[in-house]
Amino acid sequence: MRNSKNNFVSAVYLSKMEKPMTFLLLISAILACTESAKILVVSPGSSKSHGILGDGYVRLLLNAGHEVTYITPFAYKKHSANLRIVDTSSNFEKSPAIVMDIKGIMDRKSDESEDTIGLSLMMLDIVKKTIIHENVQKLLNDPKEQFDVVIVEWMFGDIGAGFASVFECPLIWSATLDPHWNILKLMDEPSNPAYSVDIMSSYSAPLTFSQRVNELWNQLKVQFLRYVWLDGFEENMYTSLFTPILEKRGRKLTSFYEARYNASLLLSNAYVTTSGGASLPQSHKFVGGYHIDDTVEPLSENLKKIMDNAKDGVIYFSMGTILRSKDLPKEVKISLLKMFGSLKQTVLWKFEEVLPNLPKNVHILQWAPQQAILAHPNLAVFITHGGLLSTTESIHYGVPIIAIPVFGDQFLNVERSVNKGFALKVDLAYTMADELKKKIVEITSNKRYKEKAKELSFIYHDRPVKPGQELVHWVNHVINTRGAPHLRSPALDLPFYKRKFLDLAALLAVLLLTIYIMLKQALAYICSQVCSTKQKTGSKKKKNN
Ligand SMILES: *[C@@H]1O[C@H](CO)[C@@H](O)[C@H](O)[C@H]1NC(C)=O
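Reading guide: rules and limits
Residues numbered from 1 in each chain as written. Predicted model: local features only at pLDDT ≥ 70, side-chain atom pairs only at ≥ 80, totals over all residues. Heavy atoms only, no water. UniProt positions renumbered as here; feature names shortened; annotations may be inferred. Helix = DSSP H or I, 4+ residues; strand = E, 2+ residues; numbered from the N terminus. Buried < 20%, exposed > 50% of the residue type's maximum accessible area, 1.4 Å probe, protein only. Right-handed = clockwise from strand over helix to strand, strands pointing away. Pairing = 2+ DSSP bridges. Phe/Tyr/Trp six-rings, centres within 6.5 Å; stacked < 30°, edge-to-face > 60°. Expected span 1.5 Å × (residues − 1). Arc of directions from axis to C-beta. Axes fitted to C-alpha atoms, helices over the stretch in contact; angles between N-to-C directions. Contact = heavy atoms within 4.5 Å. Polar contact = N/O pair within 3.5 Å; in protein donor to acceptor, adjacent residues only side chain to side chain. Core = buried A, V, L, I, M, F, W, Y, C linked by side-chain atoms within 4.5 Å. pLDDT = per-residue confidence, 0-100. Near = heavy atom within 4 Å. Areas by Shrake-Rupley, 256 points an atom, 1.4 Å probe, with all protein chains shown as cover. Nonpolar A, V, L, I, M, F, W, Y, C, P; charged D, E, K, R; others polar.

**What about the UniProt feature "transmembrane region" (unreviewed entry) in the protein?**
Working step 1: According to UniProt, the feature "transmembrane region" (unreviewed entry) maps to residues 501-519 in the numbering used here.
Working step 2: Span residues 501-519 is 95% helix and 0% strand, its end C-alpha atoms 27 Å apart.

**Quick look at the pairing of strand E9 (residues 346-350)**
Working step 1: In terms of burial, E9 is largely enclosed, as 5 of its 5 residues are buried.
Working step 2: Regarding the hand of the β-α-β motif, the stretch spanning strand E8 (residues 314-317), helix H13 (residues 330-341) and E9 is right-handed.
Working step 3: Examined bridge by bridge, E9 and strand E10 (residues 362-365) share 4 bridges and lie parallel to one another. Note on E10: the bridge partner recorded for Trp-349 is Ile-364.

**Quick notes on the packing of aromatic side chains**
Working step 1: Within the structure shown, the criterion is met by 16 aromatic pairs.
Working step 2: Ring centres of Tyr-238 and Phe-256 lie 5.1 Å apart, and the angle between their planes is 45°; this geometry places the pair in the tilted category. Here Tyr-238, found in helix H9 (residues 209-248), pairs with Phe-256, found in helix H10 (residues 256-260); they are 18 residues apart in sequence, far enough to count as distant.
Working step 3: Taking 6.4 Å as the distance between ring centres and 90° as the angle between the ring planes, the aromatic pair formed by Tyr-271 and Tyr-460 counts as edge-to-face. Placement of the pair is Tyr-271 in the loop between strand E6 (265-268) and helix H11 (272-275) and Tyr-460 in helix H18 (residues 448-461), with a sequence separation of 189 residues. In terms of burial, Tyr-271 and Tyr-460 fall into one category: buried.

**Concerning H13**
Working step 1: With 12 residues, H13 extends 17 Å from end C-alpha to end C-alpha; this agrees with the ideal 16 Å at 1.5 Å per step.
Working step 2: By the burial criterion, the buried members of H13 are Val-332, Lys-333, Leu-336, Leu-337, Met-339 and Phe-340. Summarising the axial view, the buried residues of H13 lie within an arc of 165°, below the 170-degree limit, and thus occupy one face. Summarising the geometry of H13, the exposed residues directed more than 90 degrees from the buried face are Lys-330, Ile-334 and Lys-338.

**Quick word on the sheet that holds strand E2 (residues 67-72)**
Working step 1: Pairing is parallel in the open sheet, where 7 strands are placed in the order E3-E2-E1-E4-E5-E6-E7. Each having just a single partner strand, strand E3 (83-87) and strand E7 (284-286) make up the two edges of the open sheet. Put simply, the sheet's adjacent strands are angled 20° from each other on average, direction ignored.
Working step 2: Relative to strand E5 (residues 171-175), strand E4 (residues 149-153) runs parallel, the two being bridged by 4 bridges. Following the sheet pairing, Val-150 is matched in E5 by Leu-171.
Working step 3: Across the sheet, helix H19 (residues 467-480) is in contact with strand E1 (38-42), E4, E5, E6 and E7; its angle to E6 comes to roughly 170°.

**Observations regarding the side chain of Glu-352**
Working step 1: By the element assignment, Glu-352 lies in the loop between E9 and E10.
Working step 2: Of the residues examined, Glu-352 reaches a relative accessible area of 19% and is grouped as buried.
Working step 3: Of note is the side chain of Glu-352, whose polar atom sits 3.0 Å from the side chain of Lys-350.
Working step 4: If near-sequence neighbours (up to four positions away) are discounted, Glu-352 is found in contact with Arg-324, Ser-325, Lys-326 and Gln-366.

**Digging into the nonpolar core**
Working step 1: Formed by 57 residues in total, the largest nonpolar core has its most connected members in Val-150, Phe-163 and Trp-173.
Working step 2: For this core, the element with the most residues is H9, which contributes 8 residues.
Working step 3: Setting aside chain neighbours within four positions, we find Val-150 in contact with Leu-40, Phe-163, Ala-164, Phe-167, Cys-169, Pro-170, Leu-171 and Ile-172.

**Structural notes on the confidence of the model for the protein**
Working step 1: Confidence in the prediction of the protein, expressed as mean pLDDT, is 89, and 89% of residues score 70 or more.
Working step 2: The low-confidence segment residues 1-18, where pLDDT is below 50, has 32 contacts with residues more than four positions distant or belonging to other chains.
Working step 3: This stretch, residues 109-113, has a pLDDT under 50; its non-local contacts, to residues over four places away or in other chains, come to 0 contacts.

**Some points on the site of the ligand**
Working step 1: Taken together, the neighbourhood of the ligand is formed by Pro-170, Thr-254, Glu-258, Asn-262, Ser-264, Arg-482 and Gly-483.
Working step 2: Measuring from an oxygen atom of the ligand, one finds a side-chain N or O atom of Asn-262 at 2.4 Å.
Working step 3: Isolated, the ligand exposes 360 Å² of accessible area, and the fraction of that covered by the protein chains is 55%.
Working step 4: Considered class by class, the residues forming the shell around the ligand number 1 nonpolar, 4 polar and 2 charged.

**Describing helix H17 (residues 432-445)**
Working step 1: The end-to-end C-alpha separation of H17 is 20 Å, in line with the 20 Å expected for 14 residues at 1.5 Å each.
Working step 2: Within H17 the residues assigned to the buried category are Met-432, Ala-433, Leu-436, Lys-439, Ile-440 and Ile-443. When H17 is viewed along its axis, its buried side chains cluster within an angular range of 125° and face the same direction. Across from the buried face of H17, at angles greater than 90 degrees, the exposed residues are Asp-434, Lys-438 and Ser-445.
Working step 3: Contacts made by the buried residues of H17 are with E8, H13, strand E11 (379-384), strand E12 (401-403), strand E13 (423-425) and H18.

**Focus on the side chain of Ser-283**
Working step 1: As for its position among the elements, Ser-283 is in the loop between H11 and E7.
Working step 2: Ser-283 has contacts with Met-187, Ser-264, Leu-265, Leu-266 and Leu-487, leaving out every residue within four places of it along the chain.

Here is the structure:
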């Protein structure tokens with residue numbers, strides 16, 4: 001454990017000390033700050049893009065001199081004395097989660113949108129499998145293991161907070177997605193559905209009346225289902241997974257409620273270039289783009305020659321790592337190949353198998369050095385599924401995109417990219433080749449898409465420090481300030497009824513009711529008085545007559 005208190009003390013007294021003393025203290029403060037901390041990075045995600053994001057944390061934290069323990073189902077490329085891998089790959093040997101069946105998705109007639117609860121259950125299962133994996137159990141059950149901070153990927157469920165409960169240290173959530181209400185409620189309050197949509201939505205602000213109502217309904221529905229069922233389900237999971245571990249350490253498990261709302265920070269793999277400018281809590285930080293290394297691995301000689309010589313520009317087509325082009329239906333592959341062959345541009349197609357009868361301008365890449373390709377000045381357009389990593393990389397390098405969204409947050413990313421003006425959308429369909437060609441012609445002949453991509457790229461790069469530096473800074477900040485409690489939103493410490501002034505509403509309701517009853521009684525009394533005098537005078541009159 002590092003002694004961070006000393007950092008503060010030395011910093012505070014620095015100004016009051018004499019010069020030589022100051023110098024010595026300054027040196028010791030610097031040494032204390034660069035002292036390595038023990039960090040646990042938990043990356044349960046079984047798809048390669050989750051691996052890329054987890055690897056990014058590890059690379060940056062190792063470079064910053066920290067000792068990193070990394071729970072991951074993937075092999076990490078670089079070895080380092082300061083890195084320990086806790087390998088969970090055996091969880092996923094036969095898992096279909098690593099690769100999605102693109103043909104299956106195309107054949108699914110109905111456009112059933114993925115619901116958040118279903119997704120939560122799927123993800124919770126992956127996190128649970130990670131926790132009960134023997135290698136992870138070994139780590140959790142060893143009372144000698146200690147960490148200064150744990151960084152856990154948030155996967156539509158909060159049981160990962162248990163890692164911080166075990167090691168009694170600050171928790172940082174890492175989010176692979178744009179900040180959305182489902183995760184922001186852990187740091188502050190759910191965001192306002194009038195302008196902040198669900199991550200599975202495909203609306204982008206400004207919303208129409210029915211879209212707004214739809215977003216509100218969706219948020220209320222998921223909140224309600226969580227309240228009546230899913231929260232309890234997760235709590236049971238959390239308790240049964242972590243209680244035995246804590247018992248071995250001779251401690252009682254923190255309640256699920258306390259653990260899940262106790263994260264020091266939320267680091268989002270996003271930036272205003274994708275998310276927009278909605279308000280966010282102080283404990284949320286954008287670090288989108290941190291996975292992109294400063295030094296791009298150079299293109300192979302062959303690929304470099306192809307791209308250098310492409311005088312009409314290059315089209316790069318990749319559906320990412322979860323969806324593989326080779327799983328496209330045969331007729332779609334053939335029609336795409338024919339369409340690409342009819343273009344004047346050079347086409348690079350990331351494709352996992354050998355294709356016969358390739359047109360001259362089409363090149364197949366079994367593996368594509370994506371960033372080096374995006375960085376090449378001859379690249380004209382990137383055809384992508386619109387995942388957040390690919391979208392971020394396109395903005396990083398200022399490349400316009402044509403997006404074919406397939407699942408998850410891709411629809412939302414693409415909707416936003418189209419609205420921002422640097423992207424065109426094509427629907428995934430058997431007949432998409434024609435549509436794709438039209439969009440390729442449009443995006444390569446109209447300069448405004450490229451200009452918009454460059455403009456967004458400027459906004460993206462125009463930050464005080466690079467996202468990787470920012471990430472390391474905030475992780476260090478949490479370690480040095482023992483959980484950064486000063487960033488915590490006060491909203492978390494108020495129950496729902498106080499935050500929404502329901503107590504005031506109740507008070508007003510009682511008051512109004514009281515006033516109403518009193519008025520009614522008063523009126524009745526007055527009325528009865530008036531009526532009885534009227535009656536009396538009436539009867540008197542009658543008598544007089
Ligand atoms: C909450 O987090 C703080 C700061 O990381 C930590 O000191 C505290 O022990 C945590 N509380 C619980 C109940 O886990």
